[in-house]
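The lines below spell out each chain.
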Amino acid sequence: VDMSMELKMVVVHVNEPYRDLLLDLSSSGPEKASEFVCAVLKQIKLLRGISIPVEFVSSTRYNSGRDPKKPGAGTEYSLNWTPTSDAKQANSGVFKTGKNNQNIVLYK
């Protein structure tokens, strides 16, 4: 599990053939990302008997295109959370698709 503290975005990495989950858990109300991550970790510990790490990162990689019916399918993407001073950007972050499978989330 990778997590951006600034935006409360979470990437849940899973083993092939299933796709990774990229979740935007930011909201105008109370912070929910840490509760979600705690619930996921608790279920994994309960069901699989293992503990997995949580990393607080400013960049990560993910594959949200895997398909159980097509082994090896999907594309690996990089994602960078990047601060901006542009007044037009939303406080919750703006997802920008970049070249060569490199994506950026701009936030202020």
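Residues numbered from 1 in each chain as written. Predicted model: local features only at pLDDT ≥ 70, side-chain atom pairs only at ≥ 80, totals over all residues. Heavy atoms only, no water.

Further remarks concern the confidence of the model for the protein. Per-residue confidence for the protein averages 84 on the pLDDT scale, and 91% of its residues sit at or above 70. Averaged pLDDT values for the elements of the protein fall to 77 in strand S1 (residues 2–4) and rise to 92 in helix H1 (residues 33–48). (pLDDT = per-residue confidence, 0-100. Helix = DSSP H or I, 4+ residues; strand = E, 2+ residues; numbered from the N terminus.)

Trans peptide bonds make up most of the peptide bonds, and negative phi angles are found at most residues other than glycine. With an omega of 15 degrees, the peptide bond running from Glu 16 to Pro 17 counts as cis. Its place among the elements puts Pro 17 in the loop between strand S2 (9–12) and strand S3 (21–24).

In space, the 4 strands of this open sheet follow the order S3-S2-S1-S4, with mixed pairing throughout. In this open sheet, the two strands that pair with only one neighbour each are S3 and strand S4 (55–56). Of the strand pairs in this sheet, S1 and S2 are connected by 3 bridges, and their pairing is antiparallel. Across the sheet, residue Met 3 finds its bridge partner in S2, namely Val 10. Strands in contact with H1 are S1, S2 and S3; relative to S2, the strand with the most contacts, it is inclined by about 20 degrees. (Pairing = 2+ DSSP bridges. Contact = heavy atoms within 4.5 Å. Axes fitted to C-alpha atoms, helices over the stretch in contact; angles between N-to-C directions.)

Side chains of S2 alternate between two faces, with Met 9 and Val 11 and Val 10 and Val 12 buried alike. Here S2 runs beside S3; their pairing, made up of 4 bridges, is antiparallel. If you follow Val 10 over to S3, its bridge partner there is Leu 23. (Buried < 20%, exposed > 50% of the residue type's maximum accessible area, 1.4 Å probe, protein only.)

In this section: the nonpolar core. Counting 9 residues, the largest nonpolar core consists of Leu 7, Met 9, Val 11, Val 57, Tyr 62, Leu 79, Trp 81, Val 105 and Tyr 107. Broken down by secondary-structure element, the contributors of at least two residues to this core are S2, strand S6 (77–83) and strand S8 (102–107). Apart from the residues lying within four places of it in its own chain, the contact partners of Trp 81 are Ser 4, Leu 7, Met 9, Val 11, Val 57, Ser 58, Ser 59, Thr 60, Val 105 and Tyr 107. Met 3, Val 10, Val 12 and Val 37 belong to the second largest nonpolar core, which has 6 residues in total. (Core = buried A, V, L, I, M, F, W, Y, C linked by side-chain atoms within 4.5 Å.)

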